[in-house]
Amino acid sequence: MNEKLLMARWAMALSLSLIIPGTALAEDAASLVQQSQAAFHYAGTDLKARVKMTLLTKEGQQRLRDLMMLRKNEAGGNQRYFLYF
């Protein structure tokens, strides 16, 4: 990465941390984490995915499983999952 750009980013971050009070940063950080988790868990609409799974025994034998995963988003942030082989 360009050193000047990197130094500019560090300077901006430092100046913002000096200007913004600590409590505001804590509240913003908490809301940022909450938004990030919501985006991860509730991304997009309903989901349909094909999953391949390899099961290994202690002896090293392998069994392959092919399954379908369905996710239905419901009102209120609830989700229902259905997996079938």
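Positions within a chain are numbered from 1, following the residues in the order the chain's sequence is written. It should be noted that, the model being predicted, local features are given only for residues of pLDDT at least 70 and side-chain atom pairs only at 80 or more, the latter also being counted only at that level, while totals for whole chains, interfaces and linings use all residues. Calculation of side-chain values draws on the structure's entire complement of heavy atoms; hydrogens and water are dropped beforehand.

Below, the discussion takes up the overall build of the chain. Every helix listed is a DSSP run of H or I at least four residues long, and every strand listed is a run of E at least two residues long, numbered separately from the N terminus. Per the secondary structure count, the chain includes 2 helices and 3 strands. Each helix and strand of the chain, placed in order from N terminus to C terminus, yields the pattern α-α-β-β-β. Taking all 85 residues of the chain together, 4% fall into the buried category. Only heavy atoms enter the contact rule, under which two residues are in contact if any of them lie within 4.5 Å. Taking as baseline every contact in the chain between residues at least 6 positions apart, the subset at least 24 positions apart corresponds to 21%. For the accessible areas, the method is Shrake-Rupley and the probe is 1.4 Å, while residue cover comes only from the protein chains on display. Roughly 7,800 Å² of accessible area belongs to the chain as shown, and the carbon and sulfur atoms make up 61% of that amount. Buried residues are those whose accessible area, probed at 1.4 Å on protein chains only, stays under 20% of the maximum for their type, while exposed residues exceed 50% and partly exposed ones sit between those limits.

Once that is clear, we can look at the sheet that holds strand E1 (residues 47-56). Strand pairing is defined by DSSP finding a minimum of two bridges between the two strands. One open sheet holds the 3 strands; their spatial order is E1-E2-E3, and the pairing between them is antiparallel. The sheet is open, and its two edges are formed by E1 and strand E3 (79-84), each paired on a single side. Within this sheet the neighbouring strands show an average axis-to-axis angle of 25 degrees, counted without direction. Every axis corresponds to a line fitted to the C-alpha atoms, with the helix fit spanning only the stretch in contact, and the corresponding angles, defined between N-to-C directions, vary from 0 to 180 degrees.

To continue, consider the pairing of strand E2 (residues 62-73). Both faces of the sheet carry side chains from a regular strand, because those side chains alternate between them. Taken together, the 10 bridges between E1 and E2 define a ladder with antiparallel strand orientation. Across the sheet, Leu47 pairs through a bridge with Arg71, a residue of E2. If you look at the hairpin formed by E1 and E2, you'll find 5 residues sitting between the two strands, and Gly60 has a positive phi there, around 95 degrees. Sheet analysis places E2 next to E3, joined by 6 bridges and oriented antiparallel. When the bridges of E3 are listed, Met69 appears paired with Leu83. Hairpin connection between E2 and E3: a loop of 5 residues separates the two successive antiparallel strands, and Gly76 in this loop has a positive phi of roughly 85 degrees.

Moving on, we get to the environment of Val51. The topology assignment puts Val51 in strand E1. In this structure the C-alpha to C-alpha distance between Val51 and Met68, which are 17 residues apart in sequence, comes to 6.0 Å. Sequence-distant contacts of Val51, defined by excluding residues within four places in its chain, comprise Arg65, Asp66, Leu67 and Met69.

Turning next to the pattern of salt bridges. Salt bridges are counted wherever a side-chain nitrogen of Lys or Arg sits within 4 Å of a carboxyl oxygen of Asp or Glu. Counted by the stated rule, this structure contains 3 salt bridges. The salt bridge involving Arg50 is made with Asp66; its shortest N-O contact spans 2.9 Å. Taken together, the residues span a long stretch of sequence, with Arg50 in strand E1 and Asp66 in strand E2 at a distance of 16 residues. With a relative accessible area of 56%, Arg50 lands in the exposed category. Asp66 sits in the partly exposed class, given a relative accessible area of 37%. Across the pair Glu74 and Arg80 runs a salt bridge whose closest N-O atoms are separated by 2.7 Å.

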